[in-house]
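Below, each chain spelled out in residue letters.
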Amino acid sequence: MYHPGRIRPTAVQNVQQTKTGQLVARNEFVVRLNPAQSPARFLKDLERAKIQANIIGGVPTFHLVQIEILGDVNQEATEAKLRTLPLVEDVFLHFIRTAQASPQDWHIRNYGLDSVWKEFSGAGVRIAVLDTGIDDSLSTFKGRIVEPYSVLTTSARFEDGQIKKKGDVLRVVDHGTRVASVAAGSGDEKGILPGVAPRAEIMPIQVMGFHVIDESIYTNDLTILEGLARAMALRSHIINLSVGTDYAQILRDVHDPAARETILTAIKKESRSTQSLYNQAFARAREMNIWIVAAAGNAGDSAELEPIASHPLVISVGALDSDDRRASFSNYGAAVTTYAPGVGVPT
């Protein structure tokens, strides 16, 4: 059963790096509680263990709470102490995730989509786009937007605004608009061609966009999980995620073989923890016959470095160019389920 959650956004000044260099929320943990117990009882356990902390958010559907440890803390020691509490099933660092963005009508021509549309155009299919929200004023989505919601504003209003990226001024919702357009745009907008399923319903759920670091749009794990819970409760058929990590770039900047191996070992440990955090949501989606589709990543490296994209219950999608070759920026490897057009597609 879906119970709406509320997550406190991670402020720019409240992030720090793990040993691998990946960003996490400072002094925050995500704790999975025993489903039969309440957060109030967990707070009493924290007091008895002399752990000064506040519950600042959570995703009740998956029995997850967001806690903030007060004062200066040793992260590893605090995590170990939290694991000893009787109501705690698991403990996770609260990782920050970034939007995955890529650099004419060839995708329609190469894959014969105009012929496919005569038989199937997406009618009756509901696609949840967990992203930055969308520009719902565009005619390419007219009449097909259902249950719009922002986890950030806890309302149907998307948090928006202008951001500066590589010298250009963009809107926060632009990324999600492009993703939704590729999936299910009707093609009625000037300069935008139809998406793969131009008659499908679009359920835009904003999970990204509350702040900008290094000219990139960020989110955190609990915000994504709350979006997943809502998309599943409202019976979407497909859920799209375009989020990732900085692991490939972090490794690329390490040239000493021994140091690289140490960081790679730490990355694998963090990735296993992330996949464990998402296991319950992805398994439930599988039971409900909902497809989880995720971007393989745009680092031109192994998709195994992306914990969400490489999760065994996720359909991971890499990018092709107009010659049906893997795009230079696309991640690759055994973790990629399939490839799709990702270069020069008008959105």
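Refer to the structure above for everything that follows.
Residues numbered from 1 in each chain as written. Predicted model: local features only at pLDDT ≥ 70, side-chain atom pairs only at ≥ 80, totals over all residues. Heavy atoms only, no water.

Student: I'd like to hear about the packing of helix α6 (residues 221-233) against helix α8 (residues 257-287), residue by residue, with values.
Tutor: Relative to each other, α6 and α8 sit at 15°, their axes nearing to 11 Å. By the criterion of interaxial angle, the relationship of α6 to α8 is roughly parallel. Where α6 crosses over α8, the two elements pack in a sense that is left-handed. For the pair α6 and α8, contact is made by Asp221, Ile224, Leu225, Leu228 and Met232 and by Leu277, Tyr278, Ala281, Phe282, Arg284 and Ala285, respectively. Here the residues of the contact of α6 with α8 sort into nine nonpolar, no polar and two charged. (Axes fitted to C-alpha atoms, helices over the stretch in contact; angles between N-to-C directions. Helix = DSSP H or I, 4+ residues; strand = E, 2+ residues; numbered from the N terminus. Parallel < 35°, antiparallel > 145°, perpendicular 65-115°, else oblique. Left-handed = near helix turned anticlockwise from the far one by under 90°. Contact = heavy atoms within 4.5 Å. Nonpolar A, V, L, I, M, F, W, Y, C, P; charged D, E, K, R; others polar.)

Student: Tell me what's going on with the side chain of Glu270, and back it up with residues and numbers.
Tutor: Mapping Glu270 onto the fold places it in helix α8. In this structure Glu270 is buried but unpaired, with Arg97 as the nearest side chain of opposite charge at 7.2 Å. There is a polar contact of 3.0 Å between the side chain of Glu270 and the side chain of Thr20. Setting aside its immediate chain neighbours within four residues, Glu270 contacts Thr18, Lys19, Thr20, Gln22, Phe95 and Tyr247. (Buried < 20%, exposed > 50% of the residue type's maximum accessible area, 1.4 Å probe, protein only. Lys, Arg positive; Asp, Glu negative; His and termini not counted. Salt bridge = Lys/Arg side-chain N within 4 Å of Asp/Glu carboxyl O. Polar contact = N/O pair within 3.5 Å; in protein donor to acceptor, adjacent residues only side chain to side chain.)

Student: Any chance you could break down the pattern of salt bridges for me, citing the residues and the numbers?
Tutor: Applying the stated criterion to the full structure yields 13 salt bridges. One salt bridge connects Glu76 with Lys19, and the closest N-O pair in it is separated by 2.9 Å. Pair noted here: Glu76 is in helix α2 (residues 75-83) and Lys19 is in the loop between β1 (15-17) and β2 (23-33), with a separation of 57 residues, a long-range link. Its relative accessible area of 51% is what places Glu76 among the exposed residues. By relative accessible area, which is 68% here, Lys19 ends up exposed. A salt bridge links Asp90 to Arg83; the shortest N-O distance between them is 2.7 Å. Judged by relative accessible area, which is 18%, Asp90 ranks as buried. Each of the salt bridges in this network shares a partner with another, and the network as a whole consists of Arg8, Glu28 and Glu68.

Student: So what's going on with the sheet that holds strand β16 (residues 315-320)? Which residues, and what values?
Tutor: Ordered in space as β7-β10-β6-β13-β15-β16-β17, the seven strands form an open sheet in which the pairing is parallel. Looking along the sheet, the strands with just one partner apiece sit at the ends: β7 (149-150) and β17 (338-341). Bridge analysis of β16 against β17 gives four bridges, and the strand direction is parallel. In the strand pairing of β17, Gly318 is matched with Tyr339. Helix α5 (residues 174-184) contacts β6 (126-131), β10 (201-206) and β13 (238-241) of the sheet and is inclined by roughly 155° relative to β6. (Pairing = 2+ DSSP bridges.)

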